[in-house]
Amino acid sequence: MQNKLFLLRAERRWTQADLADRLGVSRQTINAIETQKYDPSLELAFRIARLFGQHIEELFTPNGD
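Quick caveat: nothing in here was measured; it's all calculated off a predicted structure.

K.L.:
I'd like a description of the nonpolar core, backed by residues and values.
P.N.:
With 16 residues, the main nonpolar core has Leu5, Leu19, Ile48, Phe52 and Phe60 as its most contacted residues. Contributing elements (two or more residues each) for this core: helix 1 (5-11), helix 2 (16-23), helix 3 (27-34), helix 4 (42-52) and helix 5 (56-59). Ranked by the residues each element gives to this core, the list is headed by helix 4, at 5 residues. Not counting the four nearest positions on each side in its chain, leucine 5 is found in contact with Leu19, Ile30, Ile33, Glu34, Ile48 and Phe52.

K.L.:
So what about the packing of aromatic side chains? Which residues, and what values?
P.N.:
Under the counting rule described, the total for this entry stands at 1 aromatic pair. Directly above the ring of tryptophan 14 sits arginine 12, whose terminal nitrogen or CZ lies 5.9 Å from the centroid. Stacked on the ring of tryptophan 14, the Lys or Arg arginine 22 has its end atom at 3.9 Å from the ring centre.

K.L.:
Before we move on, could you go through the pattern of salt bridges and cite the residues and values that matter?
P.N.:
The final tally for this structure, using the stated rule, is 3 salt bridges. The partner of glutamate 34 in a salt bridge is arginine 9, with the nearest N and O atoms 2.6 Å apart. One end of the pair, glutamate 34, is in helix 3; the other, arginine 9, is in helix 1, and 25 residues separate them in sequence. Across this residue pair, the class does not change: glutamate 34 and arginine 9 are buried. Among the ionic pairs, arginine 12 bridges to glutamate 11, the shortest N-O distance being 3.7 Å.

Criteria and cut-off values
Residues numbered from 1 in each chain as written. Predicted model: local features only at pLDDT ≥ 70, side-chain atom pairs only at ≥ 80, totals over all residues. Heavy atoms only, no water. Core = buried A, V, L, I, M, F, W, Y, C linked by side-chain atoms within 4.5 Å. Buried < 20%, exposed > 50% of the residue type's maximum accessible area, 1.4 Å probe, protein only. Helix = DSSP H or I, 4+ residues; strand = E, 2+ residues; numbered from the N terminus. Contact = heavy atoms within 4.5 Å. Phe/Tyr/Trp six-rings, centres within 6.5 Å; stacked < 30°, edge-to-face > 60°. Lys NZ or Arg CZ within 6 Å of the ring centre and 35° of its normal. Salt bridge = Lys/Arg side-chain N within 4 Å of Asp/Glu carboxyl O.

This is the structure:
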């Protein structure tokens, strides 16, 4: 799944560890999502969207779309 997590995090000058702390996950989880090695659970995807004040569809799109 493609996502805009890196761009949104970079705009705020947050490290992966900063974002992980805000979401209650590990830094490795953030890295895996950003590099598209891991798709977040629906619950985590909604938490990420809320944190950035965006709709989930604005952050995550299926590969190939």
